[in-house]
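Notes for the structure review
Now for the letters of each chain:
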Amino acid sequence: MKILVINAGSSSLKYQLIDMDTEQMIAKGNCERIGQEGSFIGHKTADGRAFTKELPMPDHAKAFLAVSDALLSEEFGVIKNLDEVAAIGHRIVQGGALFSDPELVTDEVIAGIESLIPLAPLHNAGHVQAIRGCKEVFGDSVPMVVVFDTAFHSTMPEKAYMYAVPYEYYEKYAVRRYGAHGTSHRFVSGAMADLMGKDIKDLKLITCHIGNGSSITAVQYGKVIDTSMGLTPLDGILMGTRSGCLDPSVVTFIAEKDNLSPQEMNTLLNKKSGLLGISGVSSDDRDVTKAEEEGNHRAHLVHEMLYYQIAKYIGQYWVAMGGCDGIVFTAGLGENQPALREAVINYLGFAGVKVDKDVNNATKGKTAFISAADSSIPVAVIATNEELAIARDTKAIVEKL
């Protein structure tokens, strides 16, 4: 069975075709700048064939045509016809309180995703466009499944997901903590249990998805009890361009001083803060690291802030679960930034957590234990694979049809 996994944004569409008999990627790619000038597709096959091509993609339907052409291409293709695609799985960022499990796509499900656009304006709107564009290209004969990033976090208790604002805002607008990156946290927590040779139902794990967007999650006995992102992906630790958590009065203070509208303030916190805002260099950690090595104090400062914040969240969740059996680092920075991991682990030395410096420095983009032999608990780097998790969920649903 071949499953096409789609991760769509407002102007992008990432895809991956997976052979579920082997769970191996057959081809993957990305359509960028959909609806804009200079739109292009980049495509790569498992055997190393690749191309990048500019072509007009005014909407997601045209992007799907570009994807199907790439998959069928004589030179770069991996299938003979679209009938080989047994099902399509879509990543959906926000499922709100409506969706706690993967769902077969129906008109009612699409309407539900649309109703949640206010909670994730760019993401959910792009997802809906992609689902409709997919239908135009593949028709109704290919089943589609939606997998929600928020679903894994739906087990949080009220005390963790409620905000201390008047209760009416929860009743009227569903204002609460939802979290994000749930598919990644679910994948790596399960993988960590396998690495440890234990049942996840017996473990208390803290998973750190650290990338351009970052979140940290407490997974107790296989279920989430708390996570750092909130109503939106802005909450939690500082990120590439996001501020992370701050005193709410900072928002009103800056808005009043600079006469900023709510939308302008939203842009400032989501697009101009974080690594970019503090360093003044870039939202890309590679650029910030280079600047730090060259003596840039603000680049050094933002790294110190980031490491400190990650360690604080781990400490909070260690307390919340009454212990911790293992810690996982994943995603772009989590998998590829040894200095970040070492700094965070050093904060945890009081609890007997220790890093193996040599192994840690040698571990980039692969799965490995990086804790020292005498560490109180294991710490691992696990390469996340959200696409495979989505494909597995999709397969499970369509096999029941």
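Quick look at the structure, then. The numbers attached to residues start from 1 for each chain and follow its sequence in the written order. Per-residue local features of the predicted model are confined to residues with pLDDT of at least 70, and side-chain atom pairs are confined, for both listing and counting, to 80 or more; whole-chain, interface and lining totals are unaffected and use all residues. Working from all heavy atoms in the structure, the side-chain values ignore hydrogens and water.

Let's talk about helix α10 (residues 285-293)
Think of it in three bands: with a 1.4 Å probe and only protein chains considered, a residue is buried below 20% of the maximum accessible area for its type, exposed above 50%, and partly exposed in between. To qualify as a helix, a DSSP run of H or I must reach at least 4 residues; to qualify as a strand, a run of E must reach at least 2; elements of each kind are numbered from the N terminus. Along α10, the residues classified as buried are Asp285, Val288, Thr289 and Ala291. On an axial view of α10, the arc spanned by its buried residues comes to 160°, and they lie on one face. Of the residues in α10, the exposed ones pointing more than 90 degrees away from the buried face are Arg286 and Glu293. Taken together, the buried residues of α10 touch α9 (274-279), α11 (297-321) and α12 (331-336). Backbone geometry just after α10 places Gly295 at a positive phi near 95°. Note that the arc is defined by the directions from the helix axis to the C-beta atoms. Note on contacts: a residue pair is in contact if any heavy atoms of the two residues lie within 4.5 Å.

Some details on the pattern of salt bridges
A side-chain nitrogen of Lys or Arg and a carboxyl oxygen of Asp or Glu constitute a salt bridge if their distance falls within 4 Å. One pass over the full model with this rule turns up 14 salt bridges. Arg392 is paired through a salt bridge with Glu23; the nearest N and O atoms lie 2.8 Å apart. Placement of the pair is Arg392 in helix α15 (residues 386-398) and Glu23 in the loop between β2 (13-19) and β3 (24-32), with a sequence separation of 369 residues. With a closest N to O distance of 3.2 Å, Arg132 and Glu114 form a salt bridge. Linking Arg132 in helix α3 (residues 121-138) with Glu114 in helix α2 (residues 107-115), this pair joins segments that are 18 residues apart in sequence. Given a relative accessible area of 42%, Arg132 falls into the partly exposed group.

Looking at the environment of Val165
On the secondary structure map, Val165 appears in the loop between α4 (158-161) and α5 (168-173). Expressed as a C-alpha distance, the spacing of Val165 and Cys245, which sit 80 residues apart in the sequence, is 16 Å.

Looking at the packing of aromatic side chains
When two rings of Phe, Tyr or Trp (its six-membered ring) have centres within 6.5 Å they constitute a pair, described as stacked for plane angles under 30 degrees, edge-to-face for angles over 60, and tilted for the intermediate range. Counted according to the given criterion, the structure contains eight aromatic pairs. Between Tyr161 and Tyr170, the aromatic rings sit 6.3 Å apart at their centres with planes inclined by 35°, giving tilted as the arrangement. An aromatic cluster is built from Tyr161, Tyr167 and Tyr170, whose rings are joined through pairwise contacts. Consider the ring centre and the ring normal. A charge sits over the ring if Lys NZ or Arg CZ is within 6 Å of that centre and within 35 degrees of that normal. Taking the ring centre of Tyr161 as reference, the NZ or CZ of Arg176 above it sits at 3.7 Å.

Notes on unusual backbone geometry
Although it is not a glycine, Arg33 adopts a positive phi angle of roughly 60°. Position of Arg33 relative to the elements: it lies in the loop between β3 and β4 (40-45). Since its relative accessible area comes to 36%, Arg33 is described here as partly exposed. A positive phi angle is found at Ala174, which is not glycine, with a value near 55°. Counting through the fold element by element, Ala174 comes out in the loop between α5 and α6 (182-196).

Details of the environment of Glu387
Positionally, Glu387 belongs in helix α15. A relative accessible area of 25% means that Glu387 is categorised as partly exposed. For the pair formed by Glu387 and Asp149, sequence separation is 238 residues and the distance between their alpha carbons is 12 Å. Those residues in contact with Glu387 that sit more than four places away from it in its chain are Val5, Gln16 and Ile18.

Structural notes on the sheet that holds strand β11 (residues 223-227)
Strand pairing follows a simple DSSP-based rule, namely that at least 2 bridges must link the two strands. Pairing is mixed in the open sheet, where six strands are placed in the order β11-β10-β9-β12-β14-β13. Since the sheet does not close on itself, it has two edges, and those belong to β11 and β13 (368-369), each with one partner. As paired strands, strand β12 (residues 326-330) and strand β14 (residues 379-381) are joined by three bridges and run parallel to one another. Bridge assignment links Phe329 to a residue of β14, and that residue is Val381. Think of each axis as a best-fit line through the C-alpha atoms, taken over the contacting stretch in the case of a helix, with angles from 0 to 180 degrees between the N-to-C directions. The strands touched by helix α13 (residues 338-347) within the sheet are β12 and β14, with β12 carrying the most contacts at an inclination of about 155°.

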